Structures are given as C-alpha cells and as structure tokens.
4 protein chains.
Amino acid sequence: MSPRRPEQWKKIRLEKREKILDTALELFATHGYHGSSVSMIARKAGISKGLLYTYFDNKEHLLREVLANGMDELIRDLHLIPDQGINREMLLSYIELTFGRLKESTRFYQLFFSLVVQPSVLPIFRQQFIERILPLMKLLEKYFEEQGEQDPLAKAYLFIAILDGVGMDYIATGGIYPLEKLKDLFIHLFLDEQPEKRGT
Amino acid sequence: MSPRRPEQWKKIRLEKREKILDTALELFATHGYHGSSVSMIARKAGISKGLLYTYFDNKEHLLREVLANGMDELIRDLHLIPDQGINREMLLSYIELTFGRLKESTRFYQLFFSLVVQPSVLPIFRQQFIERILPLMKLLEKYFEEQGEQDPLAKAYLFIAILDGVGMDYIATGGIYPLEKLKDLFIHLFLDEQPEKRGT
Amino acid sequence: MSPRRPEQWKKIRLEKREKILDTALELFATHGYHGSSVSMIARKAGISKGLLYTYFDNKEHLLREVLANGMDELIRDLHLIPDQGINREMLLSYIELTFGRLKESTRFYQLFFSLVVQPSVLPIFRQQFIERILPLMKLLEKYFEEQGEQDPLAKAYLFIAILDGVGMDYIATGGIYPLEKLKDLFIHLFLDEQPEKRGT
Amino acid sequence: MSPRRPEQWKKIRLEKREKILDTALELFATHGYHGSSVSMIARKAGISKGLLYTYFDNKEHLLREVLANGMDELIRDLHLIPDQGINREMLLSYIELTFGRLKESTRFYQLFFSLVVQPSVLPIFRQQFIERILPLMKLLEKYFEEQGEQDPLAKAYLFIAILDGVGMDYIATGGIYPLEKLKDLFIHLFLDEQPEKRGT
DNA sequence: GATGAATGAGATTTCATTCAT
DNA sequence: TATGAATGAAATCTCATTCAT
C-alpha cells in the first residue's frame, strides 16, 4: 500500500468528521442530547469510540460543533444586511429559503427546537439564539413599520411565531404536514394584505 | 398509640405525590427526561430516592403521571363538543383560556413541546397528542368553512401553528415576551377579519 | 368491642406467628433466602412489614425460626435412642416416617436441601446439621455391623445418600416422582437382602 | 504505535471471560445467585463492574453462560448413544466418569444442585435439566430390563437417586466424604449383583 | 398491637472518558 | 490513525430495617 499524500489524509479526516457530525445530529435530534450515548454515536458512525475522541474533545464539544455546522447551513445564502433594511422581494426570498431549509434540514430544526425549549442542556445556546434573531426582529419591525402597521413589533413577533409554529408542527407530524399550503398562506398573510384597509 | 386513620394516610400520600409530580415536572421540563435523574428529583422534592419508588413504579411511569396530570389541568373547563360545531364566542373563549393556561402552566407546556419535538423519549405520547388534536382541527376547519374561507383546513393548521409558535417563543424568551399583544393580534387575525373582503 | 383476655391475645399472636413462619418457609424454599424479600413475606402473610418485626428480630432470625420449626416437625415421633441401638423394626419405622415426612413437608425439605448445598447463607446450619446426623450414622453403622456387612460405615453412608437423593429428585420432579416405588425398593435393599449370601 | 491484532484481542477476551466465569461459578455456587452481587464477582475477578458488562449482557446471562460452560465440561467424553443401548462396560465407564467429574467439578455440581432444588431462580433450567436426564433414564431402564429386573424403571430412578444423593452429601461434607468407597459400593450394587437370585 | 411511610445502604446497570497497543 | 478494553462515577432501582402515630 502506498502511503497517502497529506491532502488525501486531510480529505479522509474531513469526510469522517462530517460522518460523525451527521450521525450525532440524527441521534441528538431524535433521542435528545442526554438520551444519545457516545457509544451509540460511534457505532452508528462506523468508528470506534476512541477515534471519536480524536475528532472532538468531549460530548458537549461535539454538540457545539453539530450546532455550528447546522447553523452555517441554515443561514447559507441568507443575506439580510441589518443596515439596509428589507423590501418585499427580500422578505419573500427569505420566507422561501426558510421553508426550503425546513424541508432540507428537518433533523437540525428538530435539534434546534429541542434546545430552544430545553435550554439547560446547553446554556449558551439560548443566548446565541437570541443574539442571532434580534437583528432579524429589528428588520422585520422596520419593514412592517414602513408598511404602515399599527404595531410593527407585535407583527414581527407574529411572523417569527408562525415560522416556529409551522416548523414545530411539521416536525411533529412528519410527511403529512401541508407545508406548501402553509407557506402560501403565510406569504399571503404578510405580503399581500393591505393593512391600511383594516378597520375601515 | 393509635395508628393513623386511613384518611390521614391518604392525605399525606396525596400531598407528597403532588409534591413529587410538581418537582418532576419542573426538572423534566428544564433538563429533559434523560437529563433529570431520579436522585435530583427526590432531593429537590425533599425525600429519599427509595420513597419515590413507593409512589411511582419507575421513572417512566413518573413521566406518564406528570403528563396525565398536566393534561388534565390543561383541558379543564375547555369544553369543545365536536358534534355541535363552534361559533365565534366559543372560539374566543378557547383562545383566552389557552393563552391563560400558557401563562399558568408554562412548565407543562415546556415539557409538552420537548416531547412533541423529541418523540423517542415516550413514543406513545406523540400518538396520544395527535389523537387529541384531531377533533380540534375538525372543529376549526368547519368553523372557517362557515366563515367562507377559501382553504379552511389550511387556516386551521395556521391557527394551531400560531398557538404553538407563540407558546414556544414565550417559553424560549421568558418574561419579556409580549404575550398579551400577541393574543390580541391573534384574535384580531382569526375573529375580526372579514375574509369575504379579501381580494376586493 | 370487649377487650380480649390475655390468653386470647396469646392465641392470636401464636397463630399469626405460625402464619408468618409458613409463608416464610414457602418463599425461602422456592426463591431462596436472598431471593425472598421481607416485603414479599409480609404481603403474602397478610400483615405489615412493621408487625413482622415485632415477631422476629430480623430476616436471619426469621430463617432460624423457620428452620427450628421445621426441624421439630421433622423429628417428631422419631425416637432413635443412640445408646440402645436399633433393630430391623425400628429402622423400618424410621424409613416409613421419613418418606412420609418428605411428602408432608416437601417445602421444608426443599429449604433444607438448598441450605445444605449452599451453606454460606446460614453458616451455623451445616454444623448443626452434621451434629444431628452423626448419631444416626453411628446407629446405622452399628446396625449394619450386626447384620454382618463388610463395610458397615460405607453402607450407612449409602443409606443416607439414597434418602437424600430420593428427596432431591422428588422435589425436583414434583408430583410425577414414583416415591412409593422408591420406598419399597429402598426397604428391600436395606432390610430384605441377606448380606451373608453376597459373594457366595 | 500499531493496534493489537485481532487474535491478540480475542485471546485477551477469552482468558478474561474464562476468569469471570470461574469466579461467578464459585460465588454463585457458594452464596447462591441472589446472594452473589455483581460487585463481588467483579472484585474477586479483579476487574471493574463496568467491564463485566462488556462480557455479559446482565447478571442472568452470566449465570446462563456459567451453566452452559459447566454443562459442556460435565458431559465431555460422555457418549451414551440412546439408540444403541448400553452394556455393562459402558455403564461402568459412565459411573467412573461421573464420580470423577464430581471431584473435578465440585463447584459446578454445587451450583447445579442448588438450581435444581430452587428452580425459581432460573425457570428454564429445570426444564432443560429434565430434558437432558430423560434419555439417560430410558437407557438405564432398558439395561435393567435386559438384566431381568422386576421393575427396571424404579431401578433406574434408584440409580439416579444414589448419584444425586452421593453428590449432595459429598458437597455438604467436603473432603471427609469417602467418595471412593461409595463408588465401589455403588458399582457393586448395580453391576455385580445377580438379580435373578433375588427371592430364591 | 399494627400500620405503612421513610430511609440509607447497596444492588444492577450505563456511560463518558482514558489508555495501552 | 485506530482500536476496544478498561474504569469510576453516576444512573435506576431494591430492600432490610426503623419510626411516628
């Protein structure tokens, strides 16, 4: 056997790392962090426990990496620049992307929600989450303000709540959930409605 | 000395049982089922591990009882009779009650959501949950149909999604969440709107 | 309710004590000493754990009493006086009684055998047992010597071994064991045979 | 450094497994199944409790393996083929081997007897035991029939009873038991006797 | 006399982590 | 790099015994 060149080694390591992260995501998402043992993860990933510990310092670090990994994927191509404000088109594309990601990365959303609901598992997580969502809230508030909403902040909260609620219900019910319909209804609700007509 | 009378024993047991259930709910909700040890629960409830096992056969049974207990409280006074259909007033009262319960029984909602998202912890739970929510869905669909909605089922899904999303966000953010505002917005959205005006 | 007279109390206590001993015998015999919990015994005897401890100091004492009780029953009417030697008639009656006791007190034999085989459970027991069986051995040896046996001690050992073996097999196989036949064969073997004819 | 080769791992595991089985046999035999804790076994075998569970799924499985192991040893070289019947020579060799095994594998016999007497510990065991002894009974019955015995089945029962009784007494009394003498007497009883002379 | 709640020690079992090879 | 044996702490659960009433 010829010795592998450095970049080959690197590639192998990266692939194996990815494999571990995927497996860990799946197990953490379905059984929870405390409900998934390192042995289970290693076995399902097809490696030894010992090797896993050369990739990740410990179980908590593994969880952090799983989260970081998933977050990166989640916000890929999702460029909402806080300073510039958003328009109707940008919001539409944001919604489309978010619903798409929900389908692609269901597992990650599942883990995500479980950690949001149960923050004691990884205390820093909730803080990070709030920090990340605040800029979005600001943008939404500004957008709804420009649209002439009476209470733009509340509307922003509602926007987020629906995204979260649809996500949770989609995860809870699985394939039978009418995700597309909900998306259309959602878009209709936030983009087509003419708020100035309300109350007249 | 005379032994305690049966009703004395009963009272003692009932009170202690309640205490254990409360403690377990709190810990299961914040740390998750696997993240809460029986020792923790016993210590926090001020009793020995051994005694806990005279009240509940095992940890899983304790969880089931916690759930059953919470469910009972959740649906107390919430009489939606499937056969008769619902009107505006009944829906309003349902919403008011649900938002109220969210505030009163936040802990239970937290546990509830975590189990919905992570069904492997207690597999029967998801099934039970779906069975319980189906009648409500039917009622909502019928109501929205009578209101002249184009897609009443989707609207019903949206209704549930918002409740879930608001609940989750309220739990995730704690006291700072503008629950009352969201309730008003929610009521406005589903009860005040005149759908026949849409698109005109 | 009129207060019970002292002898009534005494009678009640004695009966309850008997009930506990019976229950303990049954459980110790079937599940073993370590396999039978005090709770099980109390529940099956229809009393509370606390009461049991007013009758017996602790679990080991209970076992001792069970053994003493059973032993008394076992050797009732079985008068083999070491000094006087035994004759054919006495031996026959001893065999008859022993086989009869095996049927009556199967449970006790079961416990007995289990303790003989596993002496660490109650260390004193083996010693007591050996002390009790030695006089019988002496009598048997003397009897077989008088019968002209070549090796009377070995014959005595065989005598005991068959009793033990039949007892064990009877317990192991239950009702289907042909105890009567074995008794006849046994009697024939030790009482009918004319040893002086052997080898001629 | 290179990892251990598979056969090295295998050898290590096999040896340690044997060590655990030996220790478990000794403790189960002397203190009984319920009387021997996993901690005791692990400590005596010189390993941690945790490691024991990588070798055996649980305590009951350990007991089963101990039994299977011992059974294999017990019946090694003991070929009694049911179809062909047995002759005097084969029976003699069977007796010799059995008495030999009693000496070699005293511990196993001890465990064996305790489980026969107390079947609730491992319910399947008694059934297995009966199934294994039935063929032997059949062979013995046929042999004694050919020898002209009046009641060959009873004689077969007696044969087994003596083996069991001698075994039990040997275990109960330890080194002082005259095993060899009993063997000679046993052989004399079943192989030298001329049954046709009886009753004349 | 009688109850059964209560305990603490210890039982069985699991698991994150380390280590020799 | 990779293995899986090995550990010790901690998890779930049991049980002999005590105690207030």
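Residue indices follow the written sequence of each chain, beginning from 1 at its first position. Chain labels run from A onward and ligand labels from 1 onward, assigned in the order the entries are written. In keeping with the predicted nature of the model, local features appear solely for residues at pLDDT of at least 70, side-chain atom pairs appear and are counted solely at 80 or more, and the whole-chain, interface and lining totals rest on all residues. To obtain the side-chain values, all non-hydrogen atoms of the structure were used and water was disregarded.

Quick word on helix α2 (residues 38–45) of chain B
Phase 1 of the analysis: Whether a residue is buried, partly exposed or exposed follows from its accessible area with a 1.4 Å probe, protein chains only, as a fraction of its type maximum: under 20%, in between, or over 50%, in that order. Secondary structure elements follow DSSP: runs of H or I no shorter than four residues count as helices, runs of E no shorter than two count as strands, and numbering proceeds from the N terminus. Among all positions of α2 of chain B, only Val38, Ile41, Ala42 and Ala45 of chain B are buried. With its buried residues spanning 95° around the axis, α2 of chain B presents them on a single face. What the arc describes is the spread of directions from the helix axis to the C-beta atoms.

So, the protein's contact with DNA strand F
Phase 1 of the analysis: Taken together, 37 residues sit near DNA strand F, with Val38 and Lys59 of chain B, Val38 of chain C together with Arg13 and Lys16 of chain D positioned nearest.
Phase 2 of the analysis: Under the rule applied, a polar contact is a pair of N or O atoms within 3.5 Å (in protein, one hydrogen donor and one hydrogen acceptor; residues adjacent in sequence only if both atoms are side-chain atoms). The separation between a phosphate oxygen of DNA strand F and a polar side-chain atom of Ser48 of chain A is 3.2 Å.
Phase 3 of the analysis: If you list the elements that add at least two residues to the surface near DNA strand F, you get α1 (6–31) and α3 (49–55) of chain A, α2 and α3 (49–55) of chain B, α3 (49–55) of chain C together with α1 (6–31) and α3 (49–55) of chain D.
Phase 4 of the analysis: Taken together, the residues that form the surface near DNA strand F break down as 13 nonpolar, 13 polar and 11 charged. Summary of the distance rule: residues count as near a molecule or strand when at least one heavy atom falls within 4 Å of that molecule or strand. Residues are sorted three ways: Asp, Glu, Lys and Arg are charged, Ala, Val, Leu, Ile, Met, Phe, Trp, Tyr, Cys and Pro are nonpolar, and all the rest, Gly among them, are polar.

Here we look at the interface of chain D and chain C
Phase 1 of the analysis: The contact definition used throughout considers only heavy atoms, calling two residues in contact when any of these lie within 4.5 Å. Taken together, the contact pairs 42 residues of chain D with 43 residues of chain C.
Phase 2 of the analysis: Between chain D and chain C, the buried area comes to about 3700 Å², and carbon and sulfur atoms account for 66% of it.
Phase 3 of the analysis: Just to be clear on terms, a salt bridge is a Lys or Arg side-chain nitrogen sitting within 4 Å of an Asp or Glu carboxyl oxygen. Taken together, chain D and chain C are joined by two salt bridges.
Phase 4 of the analysis: The partner of Lys181 of chain C in a salt bridge is Asp151 of chain D, and the shortest N-O contact between them spans 3.4 Å.
Phase 5 of the analysis: Taken together, chain D and chain C are joined by 17 residue pairs in polar contact (both at pLDDT 80 or more). Computed with a 1.4 Å rolling probe, the buried area is the accessible surface lost when two parts are put together, summed over both parts.

Quick look at the protein's contact with DNA strand E
Phase 1 of the analysis: DNA strand E sits among 38 residues. The nearest are Val38 of chain A, Arg13 and Lys16 of chain B together with Val38 and Tyr53 of chain D.
Phase 2 of the analysis: At a separation of 3.1 Å, a phosphate oxygen of DNA strand E approaches a polar side-chain atom of Tyr55 of chain B.
Phase 3 of the analysis: Looking at the surface near DNA strand E, the elements that each hand over two or more residues are α3 of chain A, α1 (6–31) and α3 of chain B, α1 (6–31) and α3 of chain C together with α2 (38–45) and α3 of chain D.
Phase 4 of the analysis: Within the surface near DNA strand E, the residues separate by chemical class into 14 nonpolar, 13 polar and 11 charged.

Things to note about the domain arrangement of chain A
Residues and elements named next belong to chain A.
Phase 1 of the analysis: Note that the domain bounds were set by an automatic or database domain assignment. Its domain assignment divides chain A into domain 1 (1–65) and domain 2 (77–200).
Phase 2 of the analysis: Just the C-alpha atoms count here: the centres of domain 1 and domain 2 sit 32 Å apart.
Phase 3 of the analysis: Counting from both sides, the interface comprises 10 residues of domain 1 and, opposite them, eight residues of domain 2.
Phase 4 of the analysis: Summed over both sides, the interface between domain 1 and domain 2 buries roughly 820 Å², with carbon and sulfur atoms accounting for 77% of that surface.
Phase 5 of the analysis: It is Leu25, Ala29 and Leu63 in domain 1 that bury the most area against domain 2; as a group they hold 50% of the surface buried on that side.

Section: the relation of the copies chain D and chain C
Phase 1 of the analysis: For this overlay, a least-squares fit was computed on C-alpha atoms, restricted to residues scoring pLDDT of at least 70 in both copies. Superposition of chain D onto chain C requires a rotation of 180° combined with a translation of 0.1 Å along the rotation axis, giving an RMSD of 0.3 Å. Such a combination of turn and shift is consistent with a two-fold rotation axis. When C-alpha positions in chain D are compared against the rotation axis, the closest is assigned to Gly165 of chain D, at 1.8 Å.
Phase 2 of the analysis: A shared interface surface links the copies, since 100% of the contact residues of chain D are contact residues in chain C too.

Notes on helix α2 (residues 38–45) of chain C
For the α-helix, the turn length of 3.6 residues means that residues three or four positions removed from each other point alike.
Phase 1 of the analysis: On its buried face, α2 of chain C sits against α1, α3 and α4 (59–75) of chain C.
Phase 2 of the analysis: The first or second residue beyond α2 of chain C is Gly46 of chain C, which carries a positive phi of 75°.

Thoughts on the packing of helix α7 (residues 123–146) of chain D against helix α8 (residues 152–173) of chain D
Residues and elements named next belong to chain D.
Phase 1 of the analysis: Each axis is a line fitted through C-alpha atoms, taken for helices only over the stretch in contact, and angles between the N-to-C directions span 0 to 180 degrees. Between α7 and α8, the shortest axis-to-axis distance is 8 Å and the interhelical angle comes to 125°. Relative to α8, the element α7 is oriented oblique. As for how α7 packs across α8, the hand of that crossing is right-handed. Listed contacts from α8 to Ile133, Leu136, Met137, Leu140, Glu141, Phe144 and Glu145 of α7 are Pro152, Leu153, Lys155, Ala156, Tyr157, Phe159 and Ile160.
Phase 2 of the analysis: A class-by-class count of the residues in the contact of α7 with α8 yields 11 nonpolar, no polar and three charged. Note on terminology: angles under 35 degrees are roughly parallel, angles over 145 are roughly antiparallel, angles of 65 to 115 are roughly perpendicular, and the others are oblique. Take the far helix as your reference; a near helix turned counterclockwise from it by less than a right angle gives a left-handed crossing, and one turned clockwise gives a right-handed crossing.

Quick notes on the relation of the copies chain A and chain B
Phase 1 of the analysis: Between chain A and chain B, which share one sequence, the superposing operator has a rotation angle of 180° and an axial displacement of 0.1 Å; the RMSD is 0.3 Å.
Phase 2 of the analysis: An overlap of 100% is found between the interface residues of chain A and their copies at the interface of chain B, pointing to a shared contact surface.

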